[in-house]
Amino acid sequence: MSENNNEQIFNNCTEILSQIINDTSVPRNIRKAAEDSITYLEKDEDPTLKASTVISILDDISNDPNIPIQARILVWNILSELESVKD
């Protein structure tokens with residue numbers, strides 16, 4: 001059951017990251033970090049490793065002063081979802 005739940009979390013995060021990527025008001029470096037995060041979420045690795053790596057990437061961009069507030073809120077939502085990933 002936990003594996004299914006993790007996959008659902010990763011799918012939700014990928015959808016939200018796609019919104020960030022397609023938002024032209026978001027700076028290029030932040031959209032690039034979102035693309036990198038999606039790429040990492042699609043890898044076939046341990047769920048907690050995937051989650052912690054993406055959390056690290058997104059934590060960096062959430063502190064970027066150039067990130068628009070709507071994108072920052074989406075990143076915070078993703079971070080809270082990824083923190084619930086279990087082995």
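Residues numbered from 1 in each chain as written. Predicted model: local features only at pLDDT ≥ 70, side-chain atom pairs only at ≥ 80, totals over all residues. Heavy atoms only, no water.

**A few points about the overall build of the chain**
At step 1: Along the backbone of the chain there are 4 helices and 0 strands.
At step 2: For the chain, the succession of helices and strands along the chain, N to C, is α-α-α-α.
At step 3: Since a compact globule built from 87 residues should have a radius of gyration of about 12 Å, the 12 Å found for the chain is in line with a globular shape.
At step 4: Contacts in the chain between residues far apart in sequence, at least 24 positions, make up 62% of those at least 6 positions apart.
At step 5: One way to put it: in the chain the 7 positive side-chain charges average out to a point 7 Å from where the 16 negative ones average out. (Helix = DSSP H or I, 4+ residues; strand = E, 2+ residues; numbered from the N terminus. Rg over C-alpha atoms; globule rule 2.2 N^0.38 Å. Contact = heavy atoms within 4.5 Å. Lys, Arg positive; Asp, Glu negative; His and termini not counted. Charge placed at Lys NZ, Arg CZ, Asp CG, Glu CD.)

**Focus: the nonpolar core**
At step 1: Counting residues in each nonpolar core, the largest one holds 24 residues, and the members touching the most others are L17, I20, L41, L58, V75, I78 and L82.
At step 2: Residues in contact with I78, not counting those within four places in the same chain, are C13, I16, L17, I20 and L58. (Core = buried A, V, L, I, M, F, W, Y, C linked by side-chain atoms within 4.5 Å. Buried < 20%, exposed > 50% of the residue type's maximum accessible area, 1.4 Å probe, protein only.)

**What about the pattern of salt bridges?**
A side chain with one charge may pair with a side chain of the opposite charge, provided their charged atoms come close.
At step 1: Taken as a whole, this structure holds 1 salt bridge when the rule is applied.
At step 2: Measuring nitrogen to oxygen at the nearest pair gives 2.8 Å for the salt bridge that ties K32 to D36. Taken together, the residues span about one helical turn, with K32 and D36 both in helix 2 (residues 28–41) at a distance of 4 residues.
At step 3: We classify K32 as partly exposed; its relative accessible area is 45%. (Salt bridge = Lys/Arg side-chain N within 4 Å of Asp/Glu carboxyl O.)

**Description of the packing of helix 3 (residues 47–62) against helix 4 (residues 69–82)**
At step 1: Between helix 3 and helix 4, the shortest axis-to-axis distance is 10 Å and the interhelical angle comes to 155°. Between helix 3 and helix 4, the angle falls in the class roughly antiparallel. The two elements helix 3 and helix 4 meet at a crossing, and its hand is left-handed. Residues A51, V54, I55, L58, D59, I61 and S62 of helix 3 pack against R72, V75, W76, I78, L79 and L82 of helix 4.
At step 2: Among the residues making up the contact of helix 3 with helix 4, the classes are represented as 10 nonpolar, 1 polar and 2 charged. (Axes fitted to C-alpha atoms, helices over the stretch in contact; angles between N-to-C directions. Parallel < 35°, antiparallel > 145°, perpendicular 65-115°, else oblique. Left-handed = near helix turned anticlockwise from the far one by under 90°. Nonpolar A, V, L, I, M, F, W, Y, C, P; charged D, E, K, R; others polar.)

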